[in-house]
Amino acid sequence: MFDITIIGGGVIGCLIGRELSRYRVKTLLIEKDSDIANGTTKANSAIVHAGFDAKPGTLKGKFNVEGNALYDRVCGELSVPFKRNGSMVLAFSESELPELYNLEKRGRQNGVPGLELISGDEARRREPHLAKEVVEALYAPTGGIVSPWDLAIAAAENAIDNGMEMSLDTEVTGIERIPDGYRLITTGTAIESRIVINCAGLHSDRIHNMVATPAFKIIPRRGEYFVFDRSEGNHVSHTIFQCPTPNGKGVLISPSVHGNLLVGPNAEAVQDAEHTETTAAGLASVREAASKSSPDVAYSAVITSFAGLRATPDTGDFIIGEVKEAPGFIDVAGIESPGLTAAPAIAIHVTELVRERLGNPAANPEFTPTRRPMVHFSHLPAEAKSAWIQKDPRFGRIVCRCESITEGEIVDAIHRNAGARTVDGVKRRLRPGMGRCQGGFCGPRVVEILARELNIPMTEVRKDRPASVLLTGVTKSASEAVIA
Amino acid sequence: MNTYEIIVVGGGPAGLAAAIEAHKSGAKNILILERDRELGGILQQCIHNGFGLHIFKEELTGPEYAERFIREMDALGIEYRLDTMVLEVRNDRTVDIISSKHGFETLQAKAIVLAMGCRERTRGAINIPGTRPAGVYSAGAAQRFVNMEGLMVGKRVVVLGSGDIGLIMARRMTLEGAKVLAVAEILPYSGGLTRNIVQCLYDYDIPLYLSHTITSIEGRDRVEGVTIAQVDTKRQPIPGTEIHYDCDTLLLSVGLIPENELSKTAGIQLDPVTGGPVVNECMETSVPGIFACGNVVQVHDLVDWVTEESRKAGRNAARLVLGQITEGEPDLRTRANHGVRYVVPHTIRIENIEKEIDLMMRVTDPFKNKYLVVKHGEDVVKKVRKAHLTPGEMESMKIPVEKLRGLTGELTVCLEEVAHEA
Ligand SMILES: Cc1cc2nc3c(=O)[nH]c(=O)nc-3n(C[C@H](O)[C@H](O)[C@H](O)COP(=O)(O)OP(=O)(O)OC[C@H]3O[C@@H](n4cnc5c(N)ncnc54)[C@H](O)[C@@H]3O)c2cc1C
Ligand SMILES: Cc1cc2nc3c(=O)[nH]c(=O)nc-3n(C[C@H](O)[C@H](O)[C@H](O)COP(=O)(O)OP(=O)(O)OC[C@H]3O[C@@H](n4cnc5c(N)ncnc54)[C@H](O)[C@@H]3O)c2cc1C
């Protein structure tokens, strides 16, 4: 029997898991996919919003500003890349000014620090690539950029370091009530738990409906993006927004914390959570919309495109709290944007709810807020490099040449808590294959290393979910060679 | 700091030929640096025949071709290091390297030869919309799995792009029992060698769709299908021309790009058309003492030309070390004109040409029956009649040094009409 079971290994579930690991509780995190951070958390704008978008008085508004303020500490402790690069919202005509001023007013009501209205010329002085049409802009110094999946992975790793358990490839298919809690029916073994926290993202309505009458519906809304080579990474230094429309925050242009440039998203309702494909029309609309902010982005430097799905609730706000008719069952649902920003604050809030329910469990005396340091080999000075290689020769073998990643780093990423089991998992943690060659060179090597370290044949190494088979068998020539 | 006369970056056919020729030309203290586990470069995964027709007058496999050079290099006692990655090359001719055996080191050379080869373009760069399932491979990565690991990448295959690697892999996959359904090429002609189209596609009844591209990839976990469509002259898909294939694999053979990350950090000037360094008659780059050859300069279709070009680079690197090169401003610059896409080398100092200069070039489109002409102003320096010209096949023109003596300014290379014969 677990004290707490968290359904869903996105940034929300992982940060809640880490927060709970501060206490003496038995916690399990279950995730249906083969890796954590494989849902919305891996495909979004990666912006730590300042907090002027949400209406005052909403959960979105409250947790956005609180979450933003927590980012320096959380990312510092977990050594996750995070940068307060500041953001700007652009107005392109007089007619957009009321909306811009409205944002500024809302921001002040929400408690966003340092907001500043600047002229179009001042905006262009700070960002030379902005369009000449920009008449005024709202500048927010607390806006930031982060690596969302690194944050989720680091939180899960740290939580496991501190005693949390985790079960991947485990999908919850049903929930039964038992006298002192719930029994979760999964694609693996059944799990019993006193408290269940629903962090299932796009599927959080389905999970809710397993224990209670339907109270909300999640509408997946797709957003598509372009990712640019690092050569374009300095096109802008701030995150550049346009004035929001009823459809969302509009298309942004932003540097990523890894030095690439990101342009997107559009917003389009789709049928179900499987629709993560990009479309020619969607990408074209992103490009057109973005050209309004900056007309001279070099699309020849695009290295890839992707799509993410917003878990938009039909209630309009985050749904956070214990379900009345299901004691001990807590929804953390409908966490669309600014959910990433809000996540650290949501985690603290939910942990408080759980502690109350469990009668204030004692603090975990072994809790450490940091994880074993990551080695970023390419950033080390020359002598340190040689020293590492002497300790472990695998650091002398560069596997990904675009991002300068060594075999030693890949092996470490596999063997850490919440480590990588798939090619995408390795890619997500270290970025081999995310550079300009997109894995053309290092792909086969990564497969080889995964097979060796996980002690499985190369044909069993997967790109991502179990059905994403990479190699379909042995060649005729190879099997004949074995027989001969 | 360890010092060498010549450091060669890359141990593929280009690096090997350059090192051997440098040695034969009098340089003795030479080091080849190769990041892979063996020498030979991309040749090691090219197990098909077709290498060496020009240099050896016989058809060798890739590994056999490489082996001849590796043996010669060994016989000459040239030093090499495997599993050693060059991280940085600087314009003072120092290089940073890293290896499991020796850790991180900085070496100094009197001359450097860059021979890093090229890499494949990948899907993102060409932006096919759709999902991102397993089963999308660059043709070279697939070739590595199939030929070097003995592992199959799929069973029903569509190939995008008709570059040579894609063509060779279409045949390889068929021989290994896979069904290759189609090859789609966005251009109205193939960038591959004619002999590969015949021997790899037609002989196996694999259809080649020219002016077609992939408009979508389906499948969430593994590729389940792709749709191809015909494109108009602006390369935009024409609605209604779609053909759908149920398949589990998409191979991309959409072009190669010279691998010049090291050249960029060294401050070497690159030619935006070739993607490789701007070079002079010695195959020396814009940074004095740094030479380049093989696919890092321009993507070659035949390894024989790589060998020739690299011999030239190696010989001149040795001459530079031995003080036999006259430095100074170039006498001539080359320029591609009408129908010619690029010319290598880019500049010429006539005094350094030993017997003749070999101009290498590619045409912009397929042509029939044209003169390939080298001109100095209105004067024709050399003129050759060509029955067929295609962008997929590199052309070359050898010009004896006597014909160039005294010339300055620009040498243009262009195509001219052949007057109709009565
Ligand atoms: C296009 C887009 C742009 C965005 N931009 C920003 C931004 O710039 N800033 C910001 O603050 N926020 C942004 N967001 C919002 C942010 O990405 C999300 O709020 C956040 O990632 C939500 O995390 P999560 O953990 O709730 O969901 P997810 O990451 O989706 O995690 C849910 C997990 O639950 C698992 N799961 C589902 N069902 C089951 C089951 N039955 N059994 C087991 N596991 C299950 C899933 O596999 C998944 O891993 C954006 C979102 C989108 C889509
Ligand atoms: C799939 C394929 C099929 C082909 N088929 C034919 C054919 O049938 N007939 C024919 O004549 N030609 C063919 N070719 C062309 C011929 O093989 C190439 O032109 C030739 O291999 C290029 O030689 P190279 O030495 O310039 O490059 P490569 O062979 O690519 O060698 C470059 C070497 O440099 C090393 N390197 C790169 N960067 C670094 C670094 N930073 N540090 C250390 N080492 C580094 C690489 O590991 C590699 O070993 C084919 C090419 C390919 C790719």
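Residues numbered from 1 in each chain as written. Chains lettered and ligands numbered in written order. Predicted model: local features only at pLDDT ≥ 70, side-chain atom pairs only at ≥ 80, totals over all residues. Heavy atoms only, no water.

**Q** Before we move on, can you summarise the overall build of chain B with the specific residues and values?
**A** Along chain B, the regular secondary structure elements total eight helices and 28 strands. The C-alpha atoms of chain B give 22 Å as radius of gyration, which agrees with the globular expectation for 422 residues (22 Å, within 12%). The 422 residues of chain B split such that 59% are buried. When the accessible surface of chain B is summed, it comes to about 16,800 Å², and 48% of that surface belongs to carbon and sulfur atoms. (Helix = DSSP H or I, 4+ residues; strand = E, 2+ residues; numbered from the N terminus. Rg over C-alpha atoms; globule rule 2.2 N^0.38 Å. Buried < 20%, exposed > 50% of the residue type's maximum accessible area, 1.4 Å probe, protein only. Areas by Shrake-Rupley, 256 points an atom, 1.4 Å probe, with all protein chains shown as cover.)

**Q** An account of the pairing of strand 11 (residues 181–186) of chain A is needed here, citing residue identities and associated values.
**A** Residue and element names in this part refer to chain A. For strand 10 (residues 172–178) and strand 11, the ladder comprises six bridges, and the chain directions are antiparallel. Residue pairing across strands places Ile-175 opposite Leu-184, the latter belonging to strand 11. Between the antiparallel neighbours strand 10 and strand 11 lie two residues. Relative to strand 12 (residues 191–198), strand 11 runs antiparallel, the two sharing three bridges. Looking at the pairing, Arg-183 lines up with Glu-192 of strand 12. Counting the residues between successive antiparallel strands, the hairpin from strand 11 to strand 12 contains four residues. (Pairing = 2+ DSSP bridges.)

**Q** Explain the site of ligand 1 to me, using residue names and the numbers behind them.
**A** Residues and elements named next belong to chain A. If you check the shell around ligand 1, you find 36 residues, and the closest are Glu-31, Thr-41, Ile-47, Ile-335 and Thr-341. A distance of 2.6 Å separates an oxygen atom of ligand 1 from a polar atom in the side chain of Glu-31. Between Ile-47 and ligand 1, the recorded distance is 2.7 Å, taken from a backbone N or O atom to a nitrogen atom. The fraction of the free accessible surface of ligand 1 (1,000 Å²) that becomes covered by protein chains is 98%. Elements with a minimum of two residues in the shell around ligand 1: helix 1 (11–20), strand 18 (302–313) and helix 8 (339–357). Classifying every residue of the shell around ligand 1 by side-chain character gives 15 nonpolar, 16 polar and five charged. (Near = heavy atom within 4 Å. Polar contact = N/O pair within 3.5 Å; in protein donor to acceptor, adjacent residues only side chain to side chain. Nonpolar A, V, L, I, M, F, W, Y, C, P; charged D, E, K, R; others polar.)

**Q** How would you sum up the state of the cysteines? Please name residues and give values.
**A** Evaluated as defined, the whole model comprises zero disulfides over all chains. Cys-118 of chain B carries a free sulfur, and the closest cysteine sulfur to it, the one in Cys-46 of chain B, is 10 Å from it. (Disulfide = S-S within 2.5 Å.)

**Q** Quick rundown of the confidence of the model for chain B? Include the residues and the values.
**A** Averaged over all residues, the pLDDT of chain B equals 94, while 98% of them reach at least 70. As a predicted assembly, this complex carries a pTM of 0.91 together with an ipTM value of 0.87. (pLDDT = per-residue confidence, 0-100.)

**Q** Outline helix 7 (residues 280–293) of chain A, supporting the account with residue identities and numerical values.
**A** Because each turn of an α-helix spans 3.6 residues, side chains separated by three or four positions in sequence point in the same direction. Over its 14 residues, helix 7 of chain A runs 21 Å from end to end, which matches the ideal 20 Å to within 8%, given 1.5 Å per residue. Packing partners of the buried residues in helix 7 of chain A comprise strand 5 (87–91), strand 13 (218–228), strand 14 (239–242), strand 15 (252–255), strand 16 (261–264) and strand 18 of chain A. (Expected span 1.5 Å × (residues − 1). Contact = heavy atoms within 4.5 Å.)

**Q** Residue-level account of the sheet that holds strand 21 (residues 332–336) of chain B, with values.
**A** Residues and elements named next belong to chain B. With mixed pairing, five strands are arranged side by side in an open sheet as 23-21-28-25-26. For this open sheet the edge positions go to strand 23 (347–348) and strand 26 (379–389), each flanked by a neighbour on one side alone. Strand direction decides the pairing type here: strand 25 (residues 367–376) and strand 28 (residues 409–417), joined by seven bridges, are antiparallel. The residue of strand 28 that forms the bridge with His-376 is Leu-411.

**Q** Let's hear about the site of ligand 2: which residues, and what values?
**A** Residue and element names in this part refer to chain B. In the vicinity of ligand 2 there are 33 residues, among which Ala-14, Glu-34, Ile-42, Asn-295 and Val-303 approach most closely. At 2.9 Å, a backbone N or O of Ile-42 approaches an oxygen atom of ligand 2. Taken by itself ligand 2 offers 990 Å² of open surface, and the protein chains cover 95% of this. Where the shell around ligand 2 is concerned, the elements lending two or more residues are helix 1 (13–24), strand 3 (49–51), strand 6 (84–89) and helix 8 (303–321). Each residue belonging to the shell around ligand 2 can be placed in one class, and the counts come to 16 nonpolar, twelve polar and five charged. Two domains share the shell around ligand 2, each providing at least three of its residues, namely domain 1 (1–120 + 256–325) and domain 2 (122–254). (Domains from an automatic or database assignment.)

**Q** Outline the pattern of salt bridges, supporting the account with residue identities and numerical values.
**A** A side chain with one charge can pair with a side chain of the opposite charge if their charged atoms come near. Inspection of every chain in the model, using the stated rule, returns 63 salt bridges over all chains. Arg-18 of chain A is the salt-bridge partner of Glu-77 of chain A, the closest N and O atoms lying 2.7 Å from each other. One end of the pair, Glu-77 of chain A, is in helix 2 (residues 59–77); the other, Arg-18 of chain A, is in helix 1, and 59 residues separate them in sequence. Overall, Arg-18 of chain A belongs to the buried group, its relative accessible area being 1%. When the shortest N-O distance is used, the salt bridge between Arg-416 of chain A and Glu-157 of chain A registers 2.5 Å. Here Arg-416 of chain A, found in the loop between helix 10 (407–415) and helix 11 (423–430), pairs with Glu-157 of chain A, found in helix 5 (residues 148–161); they are 259 residues apart in sequence, far enough to count as distant. Take Glu-157 of chain A: its relative accessible area is 3%, and that puts it in the buried class. What you see here is one network of salt bridges that share partners, running through Asp-392, Arg-394, Arg-397, Glu-407, Arg-452 and Glu-453 of chain A together with Asp-83 of chain B. (Salt bridge = Lys/Arg side-chain N within 4 Å of Asp/Glu carboxyl O.)

**Q** Could you give an account of the environment of Val-231 of chain B, naming the residues involved and the relevant values?
**A** Relative to the assigned elements, Val-231 of chain B resides in the loop between strand 16 (225–230) and strand 17 (243–246). Along the chain, Val-231 of chain B and Leu-187 of chain B lie 44 residues apart, while their C-alpha atoms are 8.7 Å from each other.

**Q** Which residues make up the interface of chain B and chain A, and what are the values?
**A** Contacts between the two partners involve 46 residues from chain B, matched on the other side by 50 residues from chain A. Of the roughly 4,100 Å² buried at the junction of chain B and chain A (both faces included), carbon and sulfur atoms supply 51%. Area buried by chain B at its contact with chain A is led by Ser-100, Arg-132 and Arg-220 of chain B, which between them contribute 16% of it. Summed over the shared surface of chain B and chain A, the result is five salt bridges. Arg-465 of chain A serves as the salt-bridge partner of Asp-221 of chain B, at 2.9 Å between the closest nitrogen and oxygen. Here the side of chain B that touches chain A gets five residues from one element, more than from any other, and that element is helix 4 (residues 139–149) of chain B. The class makeup of the residues in the side of chain B that touches chain A is 17 nonpolar, twelve polar and 17 charged. Sheet topology note: the strand 23 (residues 473–474) of chain A/strand 11 (residues 151–152) of chain B ladder contains two bridges and is antiparallel. (Buried area = accessible area lost by both parts, 1.4 Å probe.)

**Q** Describe in detail the packing of aromatic side chains, supporting the description with residues and values.
**A** Residues and elements named next belong to chain A. Enumeration according to the criterion identifies twelve aromatic pairs over all chains in this entry. Between Phe-228 and Tyr-299, the ring centres sit 5.2 Å apart and the planes meet at 70°, which makes this aromatic pair edge-to-face. In this pair, Phe-228 is assigned in strand 13 and Tyr-299 in the loop between helix 7 and strand 18, connecting sequence segments 71 residues apart. Of the two residues examined, Phe-228 and Tyr-299, each falls in the buried class. Aromatic side chains Phe-377 and Phe-395 sit 5.7 Å apart centroid to centroid with 25° between the ring planes, which places their arrangement in the stacked category. With a gap of 18 residues between them, Phe-377 in the loop between helix 8 and helix 9 (382–391) and Phe-395 in the loop between helix 9 and strand 21 (398–400) connect regions that are remote in the sequence. We note that Phe-377, like Phe-395, is buried. In textbook terms, an aromatic cluster arises when at least three aromatic residues are bridged by ring pairs, as seen for Phe-226, Phe-228 and Tyr-299. Directly above the ring of Tyr-299 sits Arg-287, whose terminal nitrogen or CZ lies 4.2 Å from the centroid. (Phe/Tyr/Trp six-rings, centres within 6.5 Å; stacked < 30°, edge-to-face > 60°. Lys NZ or Arg CZ within 6 Å of the ring centre and 35° of its normal.)

**Q** Pulling in residues and values, what's your account of the nonpolar core?
**A** Formed by 65 residues in total, the largest nonpolar core has its most connected members in Ile-6, Val-89, Val-95 and Leu-114 of chain B. With near-sequence residues (within four places) excluded, Leu-114 of chain B lies in contact with Val-9, Val-89, Ser-263, Ile-268, Ile-290, Phe-291, Ala-292, Cys-293 and Val-296 of chain B. Core analysis: the second largest hydrophobic core is formed by 52 residues, Cys-75, Phe-82, Ile-346 and Ala-418 of chain A among them. (Core = buried A, V, L, I, M, F, W, Y, C linked by side-chain atoms within 4.5 Å.)

**Q** For the domain arrangement of chain B, give the residues involved together with the corresponding values.
**A** Residues and elements named next belong to chain B. Assigned domains of chain B: these are domain 1 (1–120 + 256–325), domain 2 (122–254) and domain 3 (328–422). Inter-centroid distance (C-alpha atoms) of domain 1 to domain 3 is 26 Å. Opposite the 22 residues of domain 1 that make contact, domain 3 presents 19 residues. For the pairing of domain 1 and domain 3, the buried interface totals around 1,700 Å² over both sides, and the portion due to carbon and sulfur atoms is 46%.

**Q** Outline the packing of helix 5 (residues 164–175) of chain B against helix 6 (residues 194–201) of chain B, supporting the account with residue identities and numerical values.
**A** Residues and elements named next belong to chain B. Across the interface, helix 5 lies against helix 6 with an axial gap of 8 Å and an inter-helix angle of 20°. Considering their axes alone, helix 5 and helix 6 lie roughly parallel with respect to each other. At the point where helix 5 passes helix 6, the crossing takes the left-handed sense. Along its contact with helix 5, which presents Asp-164, Leu-167, Ile-168, Ala-170 and Arg-171, the element helix 6 presents Asn-196, Ile-197, Gln-199, Cys-200 and Leu-201. Of the residues that constitute the contact of helix 5 with helix 6, the class distribution is six nonpolar, two polar and two charged. (Axes fitted to C-alpha atoms, helices over the stretch in contact; angles between N-to-C directions. Parallel < 35°, antiparallel > 145°, perpendicular 65-115°, else oblique. Left-handed = near helix turned anticlockwise from the far one by under 90°.)

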